[in-house]
Amino acid sequence: MKSVTKAWVFLALLSLTLVVLGHYLGGREGLLTALMLALGINSFVYFYEDKRVLSLLGGEPLEGQDSYGIQDSVRRLSIKARIPAPRIIILPSRAPQAAVVGRGISHGTLVLTQGCLEKFSRPELEAILAYQIASIRSLNTLAFAVGSFISSIGLAITETLDTGLRILIVE
């Protein structure tokens with residue numbers, strides 16, 4: 001099963017679970033509330049999760065002078081993959097990392113760290129870029145968005161529980 005199919009199936013099951021739980025807990029009103037909440041969550045994940053992740057990372061878009069030749073490589077590889085060239089964001093981190101975000105082929109964003117640009121040779125960087133563009137082509141970005149959103153919810157719940165338990169223990 002493709003990752004995009006897995007992401008949509010996961011969102012559908014999450015929505016269905018939310019709707020059934022809403023009906024169980026609140027009857028007809030709970031069903032309607034849960035349905036609206038599920039639609040809101042799915043819309044947020046689809047349209048805004050990539051923007052949220054990029055704002056958390058805080059990188060700069062690569063524009064103008066490109067001393068590494070990344071823009072040319074990305075354009076060439078995108079033409080081979082038959083997708084629009086993704087935006088390129090450079091993060092000021094020394095760790096060599098690369099990722100892609102976006103909701104679809106035409107909304108892909110390639111994220112590279114400064115450490116990735118400095119550590120790898122030109123052929124290695126080309127291989128990294130090719131892999132990331134292939135990830136955009138196979139729509140792995142949507143699966144990343146869903147996973148990111150679910151992990152954010154999990155972290156928010158654990159932080160809330162942690163804060164609540166600290167308050168109870170101190171008092």
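Data block above holds the structure.
Residues numbered from 1 in each chain as written. Predicted model: local features only at pLDDT ≥ 70, side-chain atom pairs only at ≥ 80, totals over all residues. Heavy atoms only, no water.

**Let's talk about the pairing of strand 2 (residues 87–91)**
Okay, step 1: Summarising burial for strand 2: four of the five residues are buried, a large majority.
Okay, step 2: Here strand 1 (residues 60–61) runs beside strand 2; their pairing, made up of two bridges, is antiparallel. Paired with P61 across the strands is I89, a residue of strand 2.
Okay, step 3: In the sheet, strand 2 pairs with strand 4 (residues 109–113) via five bridges, with the strands oriented parallel. For L91, the partnering residue across the bridge sits in strand 4 and is T113. (Buried < 20%, exposed > 50% of the residue type's maximum accessible area, 1.4 Å probe, protein only. Helix = DSSP H or I, 4+ residues; strand = E, 2+ residues; numbered from the N terminus. Pairing = 2+ DSSP bridges.)

**Side note on helix 2 (residues 70–81)**
Okay, step 1: Under the 1.5 Å per step criterion, the end-to-end length of helix 2 is 16 Å for 12 residues, consistent within 8% with the ideal 16 Å.
Okay, step 2: I70, Q71, S73, V74, L77, S78 and A81 are the residues of helix 2 that are buried. Down the axis of helix 2, the smallest arc covering the buried residues is 160°, so these residues share one side. Counted as exposed and oriented over 90 degrees from the buried face of helix 2: D72, I79 and K80.
Okay, step 3: The elements touched by buried residues of helix 2 are strand 2, strand 4, helix 3 (114–119) and helix 4 (122–137).
Okay, step 4: Just past helix 2, the residue R82 takes up positive phi, approximately 60°. (Expected span 1.5 Å × (residues − 1). Arc of directions from axis to C-beta. Contact = heavy atoms within 4.5 Å.)

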